[in-house]
Amino acid sequence: MTFSVTILGSGSAVPTPDRFPTSQFVSCNSRNILIDCGEGTQFQMRRYGIKIQSLQLILISHLHGDHFFGLVGLLSTMHLLGRNSGLTIIGPTGLEQIIRSQLEIGYSKLDFDITFVALKKGDVACVFEDKVLEIHTFPLNHKVPTHGYLIKEKQGDLKMNKEKVIEFEIPLSVIHQLKAGNDFLDDNGKFWKYKEFTLPAKKSRSYAFCSDTKFDERLIENIEGATVLYHEATFIEKDKNRANKTFHSTAKEAAEIAKKSKVQQLIMGHLSARYKNDVEHVYEAKQVFENSIYASDGITIEVGNQ
Ligand SMILES: [Zn+2]
Ligand SMILES: [Zn+2]
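So, here is what we can say about the structure in this document. (Residues numbered from 1 in each chain as written. Chains lettered and ligands numbered in written order. Predicted model: local features only at pLDDT ≥ 70, side-chain atom pairs only at ≥ 80, totals over all residues. Heavy atoms only, no water.)

### Quick look at the overall build of the protein chain
In terms of helices and strands, the protein chain carries 10 helices and 18 strands. Counting over 306 residues, the protein chain shows a buried share of 52%. In the form shown here, the protein chain has an accessible surface area of approximately 15,200 Å², with 51% of it arising from carbon and sulfur atoms. (Helix = DSSP H or I, 4+ residues; strand = E, 2+ residues; numbered from the N terminus. Buried < 20%, exposed > 50% of the residue type's maximum accessible area, 1.4 Å probe, protein only. Areas by Shrake-Rupley, 256 points an atom, 1.4 Å probe, with all protein chains shown as cover.)

What follows is the structure in C-alpha cells.
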C-alpha cells in the first residue's frame, strides 16, 4: 500500500522564485489528503501531476496566510471542473467563516458540499477515522492557535505463517478468519487458534506534520515513533533569537525534536526567504539527527518501505 508525501511548497511567508508557501499532498492507502494550502497550491498540484479532484480531505494548520490563502482558489477550481462529491476540511475555528464569506460576497456557489471540522486552541483529538487510517491533531507552539497532525495507517491483518499453511493445508476461508485474529471451530469440529498459525502484523506507518512552531518538547508525546516527521526549520542557529521571537524553529531544534521522538526520518521546511539555500540547515540538523533532509518543491518522500 502506498504512503507518500509530495511537497508542493517548502517556503515561508515571503515569496521567492524557488519555493511556494506551505502545502503538501499525502497519499495514504488510496486516501488523498492535502495539508495546508498556501497561495498557488493549485498551480503546484497541476505542475506535479496531482489531480485536484482526487482530494478527499484538507487539513489546515493555522490561519497565517502562507498556510491557507490558496484554499478559496482551489475550491473554486474544483467547482469549475465539475466536482459534486463532498469534501471535508479540518482546521482552526474561523476558517469556515473566512471561506464561506469569500464565496458568498462574490456570489459564488459551489456544486459540492463542504464539511468543516473546527478545531479549538489546544485540541488533542482523533479528528478523522476510516477503514485504513486515522488522523490525530495536537497543539503546536506558535503566535496564533496552530494544529499539528499525525496521519497513521491502521494496523493491517496478521500475517500467515506460510510453513503452517502448507503443512496443515489450511483452506482460504480459514485463513481469512485467522488473519483477522479469530479463534473458531470449523464444520469438521477442528478448533483453530489464530496464534498458532499467524505472525504479528506489519508495524503501521505514520506521518507527523509540525508547522509552524517554536521548539517545544511537549510535541514529543504526540509524535513519538512516527515513521517520518515534518518539522519546520525556518532558521539556522545564528538566527536563533529571531526564531524564538517569531515562534519558529532552527534546523538544530527540529533535529532535536526528531531525535527525542525516535522518528525514522526528518523532513525540514518553511525556509525563510533570507537564506539563499538550505545547505547550512541540513548541516546543522545532521549534527544532531543524521537522517534529515530539507524539503524542496516537487519532491516525493515514501513513508517507510514498500
Ligand atoms: Zn508559515
Ligand atoms: Zn505561521
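Next comes the rest of the account.
### With respect to the coordination of the zinc ion (ligand 2)
Binding of the zinc ion (ligand 2) to the protein goes through H62 (NE2), H64 (ND1), H142 (NE2) and D212 (OD), at separations of 2.2 to 2.5 Å. Here the zinc ion (ligand 2) binds four donor atoms, and the angle range of 92 to 166° at the metal identifies the geometry as irregular. In primary sequence terms, the donor set of the zinc ion (ligand 2) follows H-x1-H-x77-H-x69-D. The zinc ion (ligand 1) is placed at 3.5 Å from the zinc ion (ligand 2), the two being bridged by D212. Of this pair, H142 sits in the loop between β8 (133-139) and β9 (147-153) while D212 sits in the loop between β14 (206-210) and α7 (220-223); the two residues are 70 residues apart in sequence, bridging distant segments of the chain. The pair H142 / D212 is uniform in exposure class, with both members buried. (Donors = N, O, S within 2.8 Å, 3.2 Å for Na, K, Ca; no water. Tetrahedral: all angles 85-135°; square planar, octahedral: opposite > 155°, others 65-115°.)

### Quick word on the coordination of the zinc ion (ligand 1)
Those donors, D66 (OD), H67 (NE2), D212 (OD) and H270 (NE2), are the protein atoms that reach the zinc ion (ligand 1), and they lie 2.1 to 2.2 Å from it. Bound by four donor atoms, the zinc ion (ligand 1) shows angles of 91 to 172° at the metal and therefore irregular coordination geometry. In primary sequence terms, the donor set of the zinc ion (ligand 1) follows D-H-x144-D-x57-H.

### Here's the deal with the packing of aromatic side chains
Counted according to the given criterion, the structure contains five aromatic pairs. The ring of F112 has R83 sitting right over it, with the charged end atom 5.5 Å from the ring centre. Sitting over the ring of F247, K214 keeps its end group 4.4 Å from the ring centre. (Phe/Tyr/Trp six-rings, centres within 6.5 Å; stacked < 30°, edge-to-face > 60°. Lys NZ or Arg CZ within 6 Å of the ring centre and 35° of its normal.)

### Describing the packing of helix α2 (residues 71-80) against helix α3 (residues 95-105)
Relative orientation of the contacting elements α2 and α3 amounts to 55°, with a least axis distance of 10 Å. In terms of orientation, α2 and α3 fall into the oblique class. Our pair here, α2 against α3, has a crossing hand that is right-handed. For the pair formed by α2 and α3, the contact residues are L71, V72, L75 and S76 on the first element and L95, I99, Q102 and L103 on the second. The class makeup of the residues in the contact of α2 with α3 is six nonpolar, two polar and no charged. (Axes fitted to C-alpha atoms, helices over the stretch in contact; angles between N-to-C directions. Parallel < 35°, antiparallel > 145°, perpendicular 65-115°, else oblique. Left-handed = near helix turned anticlockwise from the far one by under 90°. Contact = heavy atoms within 4.5 Å. Nonpolar A, V, L, I, M, F, W, Y, C, P; charged D, E, K, R; others polar.)

### Considering the nonpolar core
Ranked by size, the top nonpolar core spans 28 residues in total, and within it F138, C210, I223, L229, L266 and M268 carry the most contacts. For this core, the leading source of residues is helix α9 (residues 251-261), giving five residues. Look past the residues within four positions of F138 in its chain and what remains in contact with it is D123, V124, T146, H147, G148, Y149, L150, F209, C210, L219, N222 and I223. (Core = buried A, V, L, I, M, F, W, Y, C linked by side-chain atoms within 4.5 Å.)

### What about unusual backbone geometry?
Following S211, the chain continues to D212 via a peptide bond in cis, the omega torsion being -5°. Even without being glycine, D36 reaches a positive phi, approximately 60°. Mapped onto the elements, D36 comes out in strand β3 (residues 31-37). Note on D36: relative accessible area 0%, which makes it buried.

### Details of the sheet that holds strand β5 (residues 87-92)
Ordered in space as β6-β5-β4-β3-β2-β1-β18, the seven strands form an open sheet in which the pairing is mixed. Looking at the sheet topology across the chains shown, the edges are occupied by β6 (114-119) and β18 (300-302). Each strand of the sheet is rotated relative to its neighbour by a mean of 20°, with strand direction disregarded. Strand direction decides the pairing type here: β3 and strand β4 (residues 57-59), joined by three bridges, are parallel. Across the sheet, residue I33 finds its bridge partner in β4, namely L57. Sheet strands touched by α2: β3, β4, β5 and β6. Its angle to β5, the strand with the most contacts, is close to 175°. (Pairing = 2+ DSSP bridges.)

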